[in-house]
Amino acid sequence: MTHTRSTFFILLFLTAFAVCTTRAHAGEQICAFHDQNGEMVVKPKKEVPYRFKKFARCIDANKSNYLAKPDEITLQGNVRREDISTSLGRVELRWPRSVEQMFGRTPLRAVTDAARTVSRSLKTSGFPPAVQNLDAPWKIVFLDAKLSASQIPHQLISACHPGWMTAPANVYIVAQRVSEGCGGSQNRRSASIADAQLTEILLHEMGHVVEYYMLNKRRLGDRARAEGFATWFEIHSSQFSSLLSQSRIRSRTFDLARRGMRGGSRKFRGSAEDYAVASMIFSVIADRRGVRGIADAYELMNKKGLRFDQAVKEATYLGREQIEKDSAKLLK
Ligand SMILES: [Zn+2]
């Protein structure tokens, strides 16, 4: 329990920390503490009131963007390491044994199974040859409660994200967030639900790697496009998983998209609703032109240096208005 509460504290800290970083200067320290009302507050060290200094937890502001490679991340306790050959290439996998109790299956089985699911999905449905036979140098790490603030940047852990990916094929999974969601240990999920959740997150993160390879190993800045693709890929590939129900994932994503569109403002800020809204363009293209339509747009981005929306229009003849009309129809 204390164990979990301290994770939650660190995650909260890192999340709140993100908001504050812009105000901090290089060399400065950023601190998190609970104020007199028990609220989490994050401030540069010099602004922390004297009476809270003793309880504040601080990290170097200039270190906050550093992300260690999965194989460099320090894991506590008994650590297992596996070097496996999967249908998507070789995977170097590490996890602390402590995370095993959160799931019904070991990380080794979960990763092998997710790789098989992604590979099946890539081989059967109009993806370009470069990703159909994807052979990436995967490094995957499962993190437990003891996240190292000096090795993981705040923004990657913000917004309750249970996993993330960096190029070319580095995947980080925060096990507690998968098994408990964002509410702490009282929401601990059953092993089978946690296994399904983990599979879904792995499909999402592997989707980012698929997109990276579809972009000729480039990472373009547009976060809405990247998260939209990975969210759509989660739905798309879930049909090849024995643990997941595609219709359930689709309807949950569509519910979120409906909610996200209701607000009016559609600027991508990284919420679950934003991810869902951003995925709708991919669902529309796949519905009208098949996965081939998405692959064609990415090819045009690579060949002509077009922006995503320009490439979609040129490759699929679906303009913005048409896409909005079609997504409204899908969401009905
Ligand atoms: Zn993502």
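In what follows, the structure referred to is the one given above.
Residues numbered from 1 in each chain as written. Predicted model: local features only at pLDDT ≥ 70, side-chain atom pairs only at ≥ 80, totals over all residues. Heavy atoms only, no water.

**Overview of the overall build of the protein**
Counting its secondary structure elements, the protein contains twelve helices and eight strands. For the protein, the proportion of its 332 residues judged to be buried stands at 52%. Once local pairs closer than 6 in sequence are excluded, the contacts in the protein between residues at least 24 apart make up 65%. Approximately 15800 Å² of the protein is accessible, and the part contributed by carbon and sulfur atoms is 49%. (Helix = DSSP H or I, 4+ residues; strand = E, 2+ residues; numbered from the N terminus. Buried < 20%, exposed > 50% of the residue type's maximum accessible area, 1.4 Å probe, protein only. Contact = heavy atoms within 4.5 Å. Areas by Shrake-Rupley, 256 points an atom, 1.4 Å probe, with all protein chains shown as cover.)

**Some points on the coordination of the zinc ion**
For the zinc ion, every protein donor is listed as His204 (NE2), His208 (NE2) and Glu227 (OE), and the spread of their distances is 2.0 to 2.1 Å. The sequence pattern formed by the donor residues of the zinc ion is H-x3-H-x18-E. Of this pair, His204 sits in helix α7 (residues 191–214) while Glu227 sits in helix α8 (residues 223–238), and the two are 23 residues apart along the sequence. In this structure, His204 and Glu227 share a single accessibility class: buried. (Donors = N, O, S within 2.8 Å, 3.2 Å for Na, K, Ca; no water.)

**Considerations on the pattern of salt bridges**
Enumeration according to the criterion identifies 20 salt bridges in this entry. Between Glu92 and Arg90 there is a salt bridge; the shortest N-O distance is 3.5 Å. Relative accessible area serves as the criterion here: at 27%, Glu92 is assigned to the partly exposed category. For Arg90, a relative accessible area of 46% puts it in the partly exposed group. In this structure, Lys139 and Glu92 form a salt bridge, with 3.4 Å as the shortest nitrogen-oxygen distance. Of this pair, Lys139 sits in strand β6 (residues 138–143) while Glu92 sits in strand β5 (residues 89–96), and the two are 47 residues apart along the sequence. (Salt bridge = Lys/Arg side-chain N within 4 Å of Asp/Glu carboxyl O.)

**A short note on α7**
In a regular helix each residue adds 1.5 Å, so 24 residues correspond to 34 Å; α7 covers 34 Å between its end C-alpha atoms and thus fits that length. The element α7 is largely enclosed, with a buried count of 20 among its 24 residues. At the C-terminal side of α7, Asn216 shows a positive phi close to 55 degrees. (Expected span 1.5 Å × (residues − 1).)

**What about the packing of helix α9 (residues 246–262) against helix α12 (residues 320–331)?**
Put simply, α9 and α12 touch, their axes get as near as 10 Å, and they point 125 degrees apart. In terms of orientation, α9 lies oblique with respect to α12. At the point where α9 passes α12, the crossing takes the left-handed sense. Here Phe254, Ala257, Arg258 and Met261 of α9 lie close against α12, whose contacting residues are Ser327, Leu330 and Leu331. Residue composition of the contact of α9 with α12, by class: five nonpolar, one polar and one charged. (Axes fitted to C-alpha atoms, helices over the stretch in contact; angles between N-to-C directions. Parallel < 35°, antiparallel > 145°, perpendicular 65-115°, else oblique. Left-handed = near helix turned anticlockwise from the far one by under 90°. Nonpolar A, V, L, I, M, F, W, Y, C, P; charged D, E, K, R; others polar.)

**Comments concerning the layout of surface pockets**
Taken as a whole, the largest pocket holds about 790 Å³ of empty space. As for the largest pocket, its lining consists of 27 residues, and the residues nearest its centre are Ala224, Arg266, Ala278, Ile281 and Arg320. Broken down by secondary-structure element, the contributors of at least two residues to the lining of the largest pocket are α8, α9, α10 (272–304), α11 (308–316) and α12. It is α10 that provides the largest number of residues to the lining of the largest pocket, a total of six residues. In the lining of the largest pocket, the residues fall into twelve nonpolar, five polar and ten charged. (1 Å grid on protein atoms, 1.4 Å probe; cavity = no way out; pocket = protein on both sides within 12 Å on 5 of 7 lines; lining within 4 Å. Points joined across faces, edges and corners; volume = space filled by probe spheres on them.)

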